[in-house]
Amino acid sequence: MNKLTHLRELEAESIYVLREVAAQFERPAILFSGGKDSIVVTHLAYKAFYPAKIPFPLVHIDTGHNFDETISYRDELVKRLGVSLVIGSVQESIDSGRVVEETGFEASRNKLQTVTLLDTIEKHKFDAAVGGARRDEEKARAKERFFSHRDEFGQWNPKNQRPELWNIFNGKKNTGEHFRVFPISNWTEMDVWQYIYLENIEMPVIYFTHERKVFYRDGQWLAAEPCMKIRPTEKVEIKEVRCRTIGDISCTGLSLSRASSLKEIIEEIAATRVTERGSRADDKRSETAMEDRKVAGYF
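A.B. asks: Could you clarify how one ought to interpret the nonpolar core in this entry?
C.D. replies: As a rule of thumb, nonpolar side chains are buried together in soluble globular proteins. In this structure, Phe147 and Trp193 are the most contacted members of the largest nonpolar core, which totals 60 residues. No other element matches the 7 residues that helix α2 (residues 36-49) contributes to this core. In contact with phenylalanine 147, not counting residues within four places along its chain, are Val17, Glu20, Val21, Gln24, Phe25, Glu164, Phe169, Asn170, Gly171, Phe179, Arg180 and Val181. Core analysis: the next-biggest nonpolar cluster, separate from the first, contains 13 residues, Leu31, Val59, Ile94 and Val99 among them.

Structure representation (structure tokens):
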């Protein structure tokens, strides 16, 4: 028998976590953004429960300002896997007065997702929300455990996490509380892309080099889409770009790149010295931007 590679060891760990979710919780769901990490988590869930279908619905928090390529990929994946899809709409949260939309050139709907996410979890009574956050992404996410407890308000206290000795997970909770679960916590960005290559997972075309109208702001290229308010001094250009991480259009930076295949993406990541979250404008609003959002209930 061949010795397991580190990718197969990571895969086995993640599948174990997903099966623990199925065993310990009554109404779990997978938070699906259409990004590479949530795609890998969904693929792992497919393998964890095959030949049965994934026993959890996919939950997508739709900001209304998503890339068209992301929505197309989401709908095709749901159809192919035969899983149910729950959509939480930020636009509906705005229309109902649950949140107030930001205005101005730096406006973003990314932060508004928190209320929509918590409302969706409460509406459907999900007791575990599984997602693709990894510890190597950002310093706040490095504090997370596999099973991350949330109180009755959906809030996270990094000092109030349960020990996970020998991968023994404690999913006990009180009424109204829930858990966020991170099966790929120990993976790196490179691990994710190597696994995608190993498993030949189909990816959204936006991850590969393509021509797009963009403009330069605060050290990064942003998509010149209708939802973006562009200053008169900002010039719209056509560049060859790709996404390293996908989120709301308003905060997703695009990288100048010629990586048109999985092999080229892996080679590009191996050579870069900029983290993938370095292209996210929402993380640059303050030194503790991510942690502040997580404490409030963000993923």
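A.B. asks: Can you walk me through the packing of helix α6 (residues 189-199) against helix α7 (residues 262-271) in this structure?
C.D. replies: Each pair of packed helices gets described by two things: the angle between the helix axes and the distance between those axes. Across the interface, α6 lies against α7 with an axial gap of 10 Å and an inter-helix angle of 165 degrees. For the element pair α6 / α7, the angle class is roughly antiparallel. Of the two elements, α6 crosses α7, and the hand of that crossing is left-handed. Every residue of α7 that contacts α6 at Glu189, Met190, Trp193, Gln194, Ile196 and Tyr197 is listed here: Leu262, Lys263, Ile265, Ile266, Ile269 and Ala270. Class assignment of the residues belonging to the contact of α6 with α7 gives a composition of 9 nonpolar, 1 polar and 2 charged.

A.B. asks: Before we go on, may I ask you to explain the packing of helix α1 (residues 6-24) against α2 in this structure?
C.D. replies: Contact geometry of α1 with α2 gives a least axis separation of 9 Å together with a crossing angle of 75 degrees. Judged by the angle between their axes, α1 and α2 are roughly perpendicular. Judged by residue contacts, Arg8, Glu11, Ser14, Ile15, Leu18, Arg19 and Ala22 of α1 engage Val41, Leu44, Ala45, Lys47, Ala48 and Phe49 from α2. A class-by-class count of the residues in the contact of α1 with α2 yields 8 nonpolar, 1 polar and 4 charged.

A.B. asks: Explanation requested: the packing of aromatic side chains in the structure shown.
C.D. replies: Two aromatic rings, taken as a pair, are described by how far apart their centres are and by the angle between their planes. A complete count under the given rule lists 11 aromatic pairs for this structure. Relative to phenylalanine 147, the ring of phenylalanine 25 lies with its centre 5.6 Å away and its plane at 45 degrees, an arrangement referred to as tilted. Within this pair, whereas phenylalanine 25 is found in the loop between α1 and β1 (28-31), its partner phenylalanine 147 is found in strand β5 (residues 147-150), the two being separated by 122 residues in sequence. Overall, the relative accessible area of 5% leaves phenylalanine 25 in the buried class. These aromatic residues form a ring-pair network of at least three members: Tyr16, Phe25, Phe146, Phe147, Phe169 and Phe179.

What counts and how
Residues numbered from 1 in each chain as written. Predicted model: local features only at pLDDT ≥ 70, side-chain atom pairs only at ≥ 80, totals over all residues. Heavy atoms only, no water. Core = buried A, V, L, I, M, F, W, Y, C linked by side-chain atoms within 4.5 Å. Buried < 20%, exposed > 50% of the residue type's maximum accessible area, 1.4 Å probe, protein only. Helix = DSSP H or I, 4+ residues; strand = E, 2+ residues; numbered from the N terminus. Contact = heavy atoms within 4.5 Å. Axes fitted to C-alpha atoms, helices over the stretch in contact; angles between N-to-C directions. Parallel < 35°, antiparallel > 145°, perpendicular 65-115°, else oblique. Left-handed = near helix turned anticlockwise from the far one by under 90°. Nonpolar A, V, L, I, M, F, W, Y, C, P; charged D, E, K, R; others polar. Phe/Tyr/Trp six-rings, centres within 6.5 Å; stacked < 30°, edge-to-face > 60°.

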